[in-house]
Amino acid sequence: MIKKILGIIVILAVIGGGIGWYEWHKSFTKAEDVKGISIAADKLSKEYGANEKAADSLYLNKVIEVSGAISEIDTNQDGHLMIILQTGDPMAGVQCTMRDKGTVAAKGSNITIKGYCSGNGITGVSLTQCAIKQ
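Here is a short report on the structure shown in this document. The shown structure was predicted, so the numbers you read here are calculated from the model rather than taken from an experiment. (Residues numbered from 1 in each chain as written. Predicted model: local features only at pLDDT ≥ 70, side-chain atom pairs only at ≥ 80, totals over all residues. Heavy atoms only, no water.)

1. A word on the environment of Cys96
Within the secondary structure layout, Cys96 lies in strand β4 (residues 93–98). The class of Cys96 is buried, set by a relative accessible area of 0%. A sequence separation of 52 residues divides Cys96 from Leu44, and the C-alpha atoms of the two residues are 13 Å apart. Once residues within four sequence positions are removed from consideration, Cys96 is found in contact with Leu81, Met82, Ile83, Leu85, Ile113, Leu127 and Cys130. (Helix = DSSP H or I, 4+ residues; strand = E, 2+ residues; numbered from the N terminus. Buried < 20%, exposed > 50% of the residue type's maximum accessible area, 1.4 Å probe, protein only. Contact = heavy atoms within 4.5 Å.)

2. With respect to the side chain of Arg99
If you trace the backbone, Arg99 turns up in the loop between β4 and β5 (110–121). Engagement of the side chain of Arg99 in a polar contact is seen with the side chain of Glu32, the distance being 2.7 Å. For Arg99, the contacting residues outside a window of four places in its chain are Lys30, Ala31, Glu32, His80, Gln129, Cys130 and Ala131. (Polar contact = N/O pair within 3.5 Å; in protein donor to acceptor, adjacent residues only side chain to side chain.)

3. Quick notes on the packing of helix α2 (residues 41–50) against helix α3 (residues 52–59)
Where α2 meets α3, the closest approach of the two axes is 5 Å, and the angle between their N-to-C directions is 130°. By the angle class used here, α2 and α3 are oblique. Between α2 and α3, the residues in contact are Leu44, Glu47, Tyr48 and Ala50 and Glu52, Ala55, Asp56, Leu58 and Tyr59, respectively. When its residues are assigned to classes, the contact of α2 with α3 shows six nonpolar, no polar and three charged. (Axes fitted to C-alpha atoms, helices over the stretch in contact; angles between N-to-C directions. Parallel < 35°, antiparallel > 145°, perpendicular 65-115°, else oblique. Nonpolar A, V, L, I, M, F, W, Y, C, P; charged D, E, K, R; others polar.)

Here it is, written out as structure tokens:
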């Protein structure tokens, strides 16, 4: 009886491990491989400011292409570049966390960034897994 229970536990552990390995190694869809919704940083910020729920229904977890001027460049705790695009509101920019650590950008330049919209936060609209559109 104990051997049957141990056998079942081993089989379940192997199946669980296989599923975990598959999920860990399956390919992630990069933002630049998906057709994104094009929008200016200022317009995106205004839409979120006017009605966050409506803006979430349009943009949340979707790939968007945001265009605007770079107001700030910083790095986050993981060493990834964070580019903040100017909007009409100096307290709420569009914060883009770049996927690749080697990304280079210049403050003040106009740029288009593709990434996944993760909604509105304290500092404005956030995008993750971003890449500069070439």
